[in-house]
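Analysis of the macromolecular model
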Amino acid sequence: MTKPVEDPTQYVLDEAMAYIHAAALRAATVLGVADHLVDGPRAAGELAELTGSHGPFLRRVLRLLATRGIFREDDDGRFHLTPRADVLRADAPGTIRAGVLAVTSEVYWQSTGDLTEAVRHGELAFDRRYGKPFFSYLVAHPDVGAMFNEGMANFSAGEVERIVASYDFPASGVLVDLGGGFGGLLLAVLRARPGLHGVLFDRETVLAGHVLGRLGADDRWEAVAGDFFEAVPAADLYLVKNVLHDWTDDECVRILTNCRRAMNPGAKLLIAELVLPEGNEPHYGKVLDLFIMLLLPGLERTRAEYERLFDQAGLRVTRMLPTPSAYSLIEAEAAN
Ligand SMILES: C[S@@+](CC[C@H](N)C(=O)[O-])C[C@H]1O[C@@H](n2cnc3c(N)ncnc32)[C@H](O)[C@@H]1O
């Protein structure tokens, strides 16, 4: 069979309207449609009653999502869960509900609408619209902060086991998770290595929601509030996941230099980031890179770009490890 010739006009039009898909996904997620399909398929009218929405409109939203395999409509007009719809349920294994709600929420949506002006002026869309740097805004607006932190923890939850399985974490010593958020990754590493002591290092407001109590061994961890631009605790291993991509090269060098200064002899530093491939192939990191560009001074980087940062901070890369997720691990140690 010959492949149909692509119509470039239609392709570009589809791309231009892609935000409609994101909006439909948000609507179905906010309304909690997937949660009402666990016991079997339902018609749009029934779902509308259960979710307090308008049946004919809801049907059109679900019909669009079904074109991407998110829900499936049968011949009787009933909608079914699919694997892609199931992860929208609040208590599904691998749920991504909190993450979807966070990235499609108003502050990100509005900032995205300002992309053209941001590109024109090389300014952060978020700061321009909301008058404050992103992380300061999250502190000043606890509701938005909570949504971000829950979204972040939700995104990270899916990667945690893959990261733990991809690196040979030491059996003992002190592990500091820098900018570790709620500590889901640290919790998983501490569970896998009963001889390790963990330090969750983040801003005070974030630490309030940490999950380390779930370890059931309070003598094995500490939650330390601080600013990684000022100083970081001593450690045998630093975990730095999804942090360097928030900052400029100079800021990253400050964070990494603080780690090098505080490192115990023989310590390692492990970053987990969406290391970008060279070239034009599609990669989730290239999408996240523009998301970051709207909000924060950072960027997603290639391996060579990370190596340059390490070099400037007096560190050298010892190895780079892929994981089964889009994340890569880069391990480094003091250069001398
Ligand atoms: C993108 S989140 C990553 C969270 C976590 N590592 C993960 O992968 O889910 C960045 C984290 O850095 C923290 N952070 C931002 N500025 C910080 C600072 N100056 N000192 C310490 N932590 C900071 C934020 O509070 C947030 O938890």
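Residues numbered from 1 in each chain as written. Predicted model: local features only at pLDDT ≥ 70, side-chain atom pairs only at ≥ 80, totals over all residues. Heavy atoms only, no water.

As annotated in an unreviewed UniProt entry, the protein carries the name SAM-dependent methyltransferase and comes from Actinophytocola algeriensis.

**Regarding the UniProt feature "active site" (unreviewed entry) in the protein**
In the numbering adopted here, UniProt assigns the feature "active site" (unreviewed entry) to His245. Its place among the elements puts His245 in the loop between strand S7 (235–241) and helix H14 (249–262). What makes His245 buried here is its relative accessible area of 5%. Setting aside residues up to four positions removed in sequence, His245 forms contacts with Glu273, Leu288, Ile292, Gly298, Leu299, Glu300, Arg301 and Tyr306. Among the polar contacts listed, one links the side chain of His245 to the side chain of Asp246, at a separation of 3.1 Å. (UniProt positions renumbered as here; feature names shortened; annotations may be inferred. Helix = DSSP H or I, 4+ residues; strand = E, 2+ residues; numbered from the N terminus. Buried < 20%, exposed > 50% of the residue type's maximum accessible area, 1.4 Å probe, protein only. Contact = heavy atoms within 4.5 Å. Polar contact = N/O pair within 3.5 Å; in protein donor to acceptor, adjacent residues only side chain to side chain.)

**A look at unusual backbone geometry**
A positive phi angle, close to 75°, is found at Phe71, a residue other than glycine. The residue Phe71 is located in the loop between helix H4 (55–66) and strand S2 (72–73) in this model. The class for Phe71 is buried, based on a relative accessible area of 1%. The residue Asn242 is not glycine, and still its phi comes out positive at about 60°. With respect to the helices and strands, the residue Asn242 is situated in the loop between S7 and H14. Here Asn242 falls in the buried class, since its relative accessible area comes to 7%.

**Focus: the site of the ligand**
Surveying the vicinity of the ligand reveals 17 residues, the closest of which are Ser156, Gly179, Asp202, Asp227 and Lys241. Residues belonging to the shell around the ligand are distributed by class as follows: six nonpolar, six polar and five charged. (Near = heavy atom within 4 Å. Nonpolar A, V, L, I, M, F, W, Y, C, P; charged D, E, K, R; others polar.)

**Some thoughts on the sheet that holds strand S10 (residues 328–334)**
Taken in spatial order, the seven strands of this open sheet run S6-S5-S4-S7-S8-S10-S9, and their pairing is mixed. Only two strands of the sheet have a single partner each, and these edge strands are strand S6 (221–225) and strand S9 (315–322). Mean inter-strand twist for the sheet, computed between neighbouring axes without regard to direction, equals 20°. Relative to S6, strand S5 (residues 196–202) runs parallel, the two sharing five bridges. Considered in S6, the bridge of Leu200 is made with Ala223. Packing of helix H12 (residues 184–192) onto the sheet brings it into contact with strand S4 (173–178), S5, S6 and S7, and relative to S5 it is tilted by some 175°. Along the sheet, helix H16 (residues 303–312) contacts strand S8 (263–273), S9 and S10; its crossing angle with S9, the most-contacted strand, is approximately 150°. (Pairing = 2+ DSSP bridges. Axes fitted to C-alpha atoms, helices over the stretch in contact; angles between N-to-C directions.)

**What about the packing of aromatic side chains?**
A full pass over the atoms with the stated rule returns 14 aromatic pairs. Between the aromatic rings of Phe126 and Tyr137, the centroid separation amounts to 5.2 Å while the plane-to-plane angle is 85°, which identifies the pairing as edge-to-face. Here Phe126, found in helix H9 (residues 125–130), pairs with Tyr137, found in helix H10 (residues 134–140); they are eleven residues apart in sequence, far enough to count as distant. Note on accessibility: Phe126 and Tyr137 belong to one class, buried. Measuring from centroid to centroid gives 5.2 Å for Phe228 and Phe229, while their planes differ by 80°, and the two rings are edge-to-face. As far as the burial class goes, Phe228 and Phe229 line up, both buried. Put simply, the rings of Tyr108, Phe126, Tyr130, Phe134, Phe135, Tyr137, Phe148, Phe228, Phe229, Trp247 and Phe291 pair up and form one aromatic cluster. For the cation-ring pair, Lys241 lies above Tyr327, with the distance from its terminal atom to the ring centre recorded as 5.4 Å. (Phe/Tyr/Trp six-rings, centres within 6.5 Å; stacked < 30°, edge-to-face > 60°. Lys NZ or Arg CZ within 6 Å of the ring centre and 35° of its normal.)

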